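Here is what each chain is made of, one letter per residue.
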Amino acid sequence: MNELESLILKNRKGTFAEILTDFDFGSFKYEYEKNNERSITFTIYKTSSNDDIFDTLLNEMLLMWKEQEYVVKSTSIKYDGAIVTNEVTAKHIFMEFQNHYIQKDLENEELNSEETEEDNKPTMTLEQYLDFGFKNNKLGFSYEIVGEFDERIAIDELGGKNGMEFLTEGAELFNYTYFADNKKIYIYDDESFYQMSDLPLIYKYNSSEVQATTSTTDVRTYIQGYGKKKTKTETKNYNPVKPPDLKYSGTFFKEGTWRTQVLGASYSKELDCKWGNETLTWSLKKLSRGGLLDVYIDNVKIDRYSCYSHTARTESIVIARNLSKGKHTFKAVFVGPDPEVKEYKTAAVMYVGTEKSTTLNLTAVLKGSDVYHTYAEYESPNVETFGWSEAPTVFDDNTLDKDELLETIKARLNDQPTVEVSTNHLGSMEEKRYIQNDDIKENHMIRFIHQPLGYNLDLKVVKITESHPIVNEPVEVDFSNSPTDIIKIQQNINRNIKKVNNLVRGGSFGGSSFTMPRLASDSIGSVLINE
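Rules behind the numbers
Residues numbered from 1 in each chain as written. Predicted model: local features only at pLDDT ≥ 70, side-chain atom pairs only at ≥ 80, totals over all residues. Heavy atoms only, no water. Helix = DSSP H or I, 4+ residues; strand = E, 2+ residues; numbered from the N terminus. Buried < 20%, exposed > 50% of the residue type's maximum accessible area, 1.4 Å probe, protein only. Contact = heavy atoms within 4.5 Å. Areas by Shrake-Rupley, 256 points an atom, 1.4 Å probe, with all protein chains shown as cover. Pairing = 2+ DSSP bridges. Arc of directions from axis to C-beta. Axes fitted to C-alpha atoms, helices over the stretch in contact; angles between N-to-C directions. Parallel < 35°, antiparallel > 145°, perpendicular 65-115°, else oblique. Nonpolar A, V, L, I, M, F, W, Y, C, P; charged D, E, K, R; others polar. Phe/Tyr/Trp six-rings, centres within 6.5 Å; stacked < 30°, edge-to-face > 60°. Lys NZ or Arg CZ within 6 Å of the ring centre and 35° of its normal. pLDDT = per-residue confidence, 0-100.

### Overview of the overall build of the chain
And then number 1: Per the secondary structure count, the chain includes 8 helices and 35 strands.
And then number 2: Going through the 531 residues of the chain one by one, you find that 45% of them count as buried.
And then number 3: Contacts in the chain between residues at least 24 apart in sequence constitute 73% of all its contacts with a sequence separation of at least 6.
And then number 4: Accessible area of the chain: about 28900 Å², with a carbon and sulfur share of 46%.

In structure tokens, the structure reads:
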């Protein structure tokens, strides 16, 4: 047995290290699950040659296995009248990140803010997110990003959870895979993490038996998506125009209440309607010297108005409705005195308003898909094979761009049948050898080819259970060809349950809602690899 296959017991200070002896090789299991746990379990016997080590094997001691540290978390000592045993479970040291608690982002919390909670969600890059989670950790954990992560993601709640919860939630938000080298946690995109295995599964080449189960229960061939919902700030009174913003023709007095007494003088503004179906509101300033003015929209006269009032006041007038998206022109032209006024003390004028008052403003009246920044739909080419089947509509509050939304809904659409495969693996025809433990690794993709059944798929490893290399037992590999595998679904359920429990303990749901995902048919396959 080489050094890498030895189990070494250490203390946390690094002042003690001994090779474990007299443990049951047949009981040893290494288990890995994507974006979840890594652990080792085994049973050790107490003998005359290892009694001191046996007694030292206690909770929170470290075990070194294949250059990785594991923390003993569970020990169960048993005595059957003849033999003393200890059943040991040790978790990879990266899981100690759960002992780092990430406080809420209290600096950015506000009280009585006019912004809604929805509007106030912070958006972050992956690096900003991880910096927040890893800062001030006293346990020596660090991270490194491998791959491209360009998106900014809206975060519901930053902090208020332990390090492992933060890390796992980040995997869901940013779609990364984390894999640790002791206390350094690498954050991968799919392209950087997964590598094609050199050992494909090919019928009659290195596998002689295969059972493949295909399910089309969850296949969908059409999907729609909406981007971020437009806010009131973006659509209601979103373009206030003040007197300094207007274009003037003729002589105007620009002090106090801006005005002109020149017949034919005008003020105008080219307005950019961003959304369509818009309402233009005009604030008509009225005082005792006010005369008549004509208002035009896009060179079409709307009406004639008087700006006379015995007392100073401002009338808000909806001057146009249903303005289309694009450029429109407002213009007010001074006509002269109001004939309804018996006598002016001085010359009649057309008022505009004070320097800081709002003269014009736009509000978009939106309905249906116009309420959202963007809309996209996608029909899979597989509709010819599997027929029309519509997936739930996606509402992505992080997306403003149509092309980006299209890529998102394509990724969400499961337009491939779910395949569950069981097969044996005999090794290559040339070598005729048994496959060793390390031939299938945590970051492998396996090409599965079976011509009689018509399969040619890349299957990603999502779970591994392997025995000690010295034992001739098969390695169990679970894999998935689905964008949302069963492990991810189960992790989502656990997070949602915890979220609800926290809300219940707080005494109020505060308007929050959640969706419990439906457990669909398994998107996992298992391969038994004979050693």
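### Re the pairing of strand 7 (residues 84-92)
And then number 1: In terms of strand pairing, strand 4 (residues 38-45) meets strand 7 through 7 bridges, oriented antiparallel. For S39, the partnering residue across the bridge sits in strand 7 and is K91.
And then number 2: What sits between strand 6 (residues 68-79) and strand 7 in their antiparallel hairpin is a turn of 4 residues, with G81 showing a positive phi close to 100 degrees.

### Overview of helix 7 (residues 402-412)
And then number 1: Of all the residues in helix 7, the buried ones are L405, T408 and I409. Around the axis of helix 7, the buried residues are gathered within 90 degrees of arc, so they sit on the same side. Facing away from the buried surface of helix 7 by more than 90 degrees, the exposed residues are D403 and A411.
And then number 2: Elements that come into contact with the buried residues of helix 7 comprise strand 18 (222-226), strand 29 (375-379) and strand 30 (394-395).

### Details of the packing of helix 2 (residues 126-134) against helix 3 (residues 163-174)
And then number 1: Across the interface, helix 2 lies against helix 3 with an axial gap of 11 Å and an inter-helix angle of 170 degrees. Here helix 3 runs roughly antiparallel to helix 2, going by the angle between their axes. Within the contact between the two elements, helix 2 uses L126, Y129, F132, G133 and F134 and helix 3 uses F166, L167, E169, G170, L173 and F174.
And then number 2: The class makeup of the residues in the contact of helix 2 with helix 3 is 8 nonpolar, 2 polar and 1 charged.

### Concerning the sheet that holds strand 24 (residues 300-306)
And then number 1: In space, the 5 strands of this open sheet follow the order 19-21-26-23-24, with antiparallel pairing throughout. The sheet is open, and its two edges are formed by strand 19 (247-249) and strand 24, each paired on a single side. If you compare each strand with its neighbour and ignore which way they point, the axes differ by 20 degrees on average.
And then number 2: Sheet analysis places strand 19 next to strand 21 (residues 266-273), joined by 3 bridges and oriented antiparallel. What sits directly across from Y248, in strand 21, is Y267.

### Considering the packing of aromatic side chains
And then number 1: Across all of its chains, the model carries 26 aromatic pairs by this definition.
And then number 2: With centroids separated by 4.6 Å and ring planes inclined at 25 degrees, the aromatic side chains of F97 and F134 adopt a geometry described as stacked. Pair noted here: F97 is in the loop between strand 7 and strand 8 (101-102) and F134 is in helix 2, with a separation of 37 residues, a long-range link.
And then number 3: Overall, the relative accessible area of 0% leaves F97 in the buried class.
And then number 4: The buried category is assigned to F134, whose relative accessible area is 6%.
And then number 5: Between R38 and the ring centre of F179, over which it is positioned, the NZ or CZ distance is 4.1 Å.
And then number 6: K183 extends its terminal NZ or CZ atom over the ring of F141, reaching a point 5.5 Å from the ring centre.

### Regarding helix 2
Since one α-helical turn is 3.6 residues long, residues separated by three or four positions face the same way.
And then number 1: When we look at burial in helix 2, the residues that qualify are L126, Y129, L130, F132, G133 and F134.
And then number 2: Where helix 2 is buried, its residues touch strand 8, strand 9 (123-124), strand 10 (142-146), helix 3 and strand 14 (184-188).
And then number 3: Looking one or two places after helix 2, you find N136, whose phi comes out positive at around 65 degrees.

### Some remarks on the sheet that holds strand 18
And then number 1: The mixed open sheet is built from 3 strands, whose spatial order is 29-18-30. Among the strands making up the open sheet, the edge pair consists of strand 29 and strand 30.
And then number 2: The sheet contact formed by strand 18 and strand 30 spans 2 bridges and is parallel. Bridging across to strand 30, Y226 finds its partner in F395.
And then number 3: Helix-sheet contacts for helix 7 involve strand 18, strand 29 and strand 30, and the interaxial angle to strand 29 is about 40 degrees.

### A few points about the confidence of the model for the chain
And then number 1: Here the chain averages 82 in pLDDT, and 79% of its residues register 70 or above.
And then number 2: Put simply, strand 35 (residues 525-529) is where the chain has its lowest mean pLDDT, 39, and strand 14 is where it has its highest, 97.
And then number 3: In this model residues 110-118 is a low-confidence stretch, pLDDT under 50, and it forms 2 contacts with partners more than four residues away in sequence or in other chains.
And then number 4: In the model, residues 503-531 has pLDDT below 50 throughout and makes 83 contacts with residues more than four positions away in sequence or in other chains.

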